[in-house]
Amino acid sequence: MSGHVDMSHGAGGRAMARLIDTLFLKAFGSGGAPHDAATLDLPPGRVVVSTDGFVIAPLFFPGGDIGSLAVHGTVNDIAMGGAVPHALTAGFILEEGLPLADLNRIVTSMAQAARDAGVTIVAGDTKVVERGKGDGVFITTTGVGVVPAGVTIDPTSAQVGDAVIVSGTLGDHGVAVMAHREGLEFGTDLVSDACNLNGLVGAMLTKVPDIRVLRDPTRGGLAAALNEIAQASRVGIEINETALPLRPQVRGACELLGLDPLHVANEGKLVAICAPERAEALLSVMQAHDKGRDAAIIGHVIDDPSHFLRMVTPLGGTRMVDWIAGEQLPRIC
Amino acid sequence: MKYIDDFRDPDLAQGLARAIRAAVAPGRTYRFMEFCGGHTHAIARFGLEDLLPDSIRMIHGPGCPVCVLPVARVDAAIALATQHDVILCTYADLMRVPGSGFRSLTKARANGADIRMVYSVMDALAVARAHPDWQVVFFAIGFETTTPPTAVAVKQAAAEGLENFTVHCNHVLTPAAMRAILAGGTTQIDGFVGPSHVSAVIGTAPYDEFARDHGKPVVITGFEPLDVMQAVLHLVHQVNAGRCVVENQYARVVTAPGNAIAQALMAELFTLRDRFEWRGLGWVPNSALRLADAYAAFDAEARFALDLPRPTENKACACGDVLRGVKRPEDCGLYGDPCTPENPLGACMVSSEGACAADWTYGRFRRKAAG
């Protein structure tokens, strides 16, 4: 596919219709009758809806691209509600001048990611903005899922004594993208962890349906996810630094740049909180799943009227783990 | 990770903690100032307070480059970026430091100024090469650690004839600050945890005066937690024995003469200022550098006239006292409410090496527990 996005691709005329037919519908399939809206037949149960915007730069990064990310992000948000994701809608804001080959690559990758996650992309929208008014392409996806009977995931339900489990290594996405974007060479083959987590969540809930809290630690990293849970459940959380799964490349990059891996974004990891007596069963089902092989119990919920997240360091001291303040500022000496 | 995990070994840390507990004399209090923000950060990040006995009090020193920059110099950075058609390049920590009237480089950038965060002064040189029609100013801050790289960049710019590149020089000197703290007389200090990277440049001799003339032991040490623990142990031993010498615990990096090439570059490119204003320490004689006359063409202070506001500081902000070790962060009336890393009113709450930011980010659960 050659050529570039021009203003006519968003003008509602033939050029737009052709773009939709030859690119979007070809990749996503035509979801039945040509309405302006999609009609869904959902199984019984509580419906979960989530929406997310994607503005990542660069559009293509080691381990993924903005298209697959836009699917994984929303699929995972739905899965964190304990729901089985069924369908997505996608809104595209294209910048004039975007190579159509890039758009095709993004849309193809999106379609593949949707197939892998078992969801269909049922409706969409395309707008074009003038050159310089966007950054290639922005994508917004909205997803719908249904919570199976017997499952209640509730971010306010963590209880003192509960176990805190992460599904794998932390910080891979943020460090991979940052290194790629800034041209930082760490001599590594680190790739983003971006992937769907609904399969893993399904396996976890089948074995341990009474998981209390699920969260995917994306922006703000594990620190933000656990601080949010502590606040919502009005508890404290204590984690153990030596238990955190971290790739050596991520540790090294964070040391070098003065970043805390607990603040770095993940796009294919989750944190689960469950009753302590269910922790080993949950851990084993996670470790048996392809996307949870490196899962680890990293801490537990404690009584703390200040609702702080704290961490025992390898040296035996304790420190707080706060939300990140502003941007991550590298140290200068 | 080799060379990282070795200096964070839990068993060795516990062994050092036991040795320190065994060494402290009953009924005696030990007040040690860690000069560098890097040490302050390490102590907070690794929870070392929990490993030290109550009789040892670590006093956070002024070794945080953005913390000691006075309001007037922050105002100058903002004025440079807003009053002239320049691209201002700066290390990221400076972006959020409040100047007069709650202004900051972050706000100036949001208002349209071209301000770029760089990891290295060499990135600023690259910006200058890429934008030959623009004046590019590197706002140079830091102690002897970041000074030699600035020297290299200016030399490089001179060699290339890069006429659109200048440096706004705010480089300051560590021994002068230590001298000022001791001369102030308001901070009780039994010894210094001495700078690590600074000492790699300047060597060990500049600290002799503090041991010899002021009776303060100095143990130069690295930024890893085991380094800090070992330095504390050595300081306790010196205090107990009534000894005052400069010890180099950081021998894997620091040599007695220091880095001769870096020192020669600094001597060639820079001249000592008669005096320089420091946040917290006031005007300190012979405490900072400006570009040498031979390189005056690269001096932004000479090239750009600035209309500066009368510097106004937040009267309630205790950064000055915190930087001298007179107050702890939590003694400041603004600490935590409203001053936080998200909404910093004082410089010590901005940089991760600032005493207030380190305490708020890593240690405030202790204040809550105690209070």
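All values reported here derive from a predicted model rather than from experimental measurement. (Residues numbered from 1 in each chain as written. Chains lettered and ligands numbered in written order. Predicted model: local features only at pLDDT ≥ 70, side-chain atom pairs only at ≥ 80, totals over all residues.)

(A) Looking closely at the pairing of strand S1 (residues 30-36) of chain B. All names here are of chain B. In terms of burial, S1 is largely enclosed, as 6 of its 7 residues are buried. Bridge analysis of S1 against strand S2 (residues 56-63) gives 6 bridges, and the strand direction is parallel. Across the sheet, cysteine 36 pairs through a bridge with glycine 63, a residue of S2. Each parallel crossover has a hand, and the one from S1 via helix H2 (residues 37-45) to S2 is right-handed. With 3 bridges connecting them, S1 and strand S7 (residues 191-194) associate as parallel partners. Residue pairing in the sheet places glutamate 34 in a bridge with valine 193 of S7. (Buried ≥ 20, exposed ≤ 12 C-beta atoms within 10 Å, placed from the backbone. Helix = DSSP H or I, 4+ residues; strand = E, 2+ residues; numbered from the N terminus. Pairing = 2+ DSSP bridges. Right-handed = clockwise from strand over helix to strand, strands pointing away.)

(B) Local environment of the nonpolar core. Val137, Ile165 and Ala272 of chain A together with Ala77, Leu88, Val232 and Cys348 of chain B are the most contacted members of the largest nonpolar core, which has 221 residues in total. Ignoring anything within four residues of it in the chain, the contact list for leucine 88 of chain B reads Ala77, Leu80, Ala81, Asp114, Ile115, Val137 and Phe139 of chain B. (Core = buried A, V, L, I, M, F, W, Y, C linked by C-beta atoms within 7 Å. Contact = placed C-beta atoms within 7 Å.)

(C) Just the interface of chain A and chain B, in detail. Taken together, the 24 residues of chain A in the interface contact 37 residues of chain B. Every element with two or more residues in the side of chain A that touches chain B is listed here: helix H7 (248-257) and strand S13 (318-320) of chain A. A total of 4 residues in the side of chain A that touches chain B trace back to one element, the largest contributor, which is H7 of chain A. Its residues assigned to classes, the side of chain A that touches chain B shows 10 nonpolar, 8 polar and 6 charged. (Nonpolar A, V, L, I, M, F, W, Y, C, P; charged D, E, K, R; others polar.)

(D) Local environment of unusual backbone geometry. A cis geometry characterises the amide bond from alanine 57 of chain A onward to proline 58 of chain A, with omega recorded as 5°. Positionally, proline 58 of chain A belongs in the loop between strand S1 (46-54) and strand S2 (60-61). Each neighbour pair has its own omega, and for aspartate 337 of chain B with proline 338 of chain B the value is 5°, a cis peptide bond. You will see that histidine 307 of chain A, though not glycine, has its phi angle at about 55°, which is positive. As for its position among the elements, histidine 307 of chain A is in the loop between strand S11 (296-302) and strand S12 (309-312). Of the residues examined, histidine 307 of chain A has 15 C-beta atoms within 10 Å and is grouped as partly exposed.

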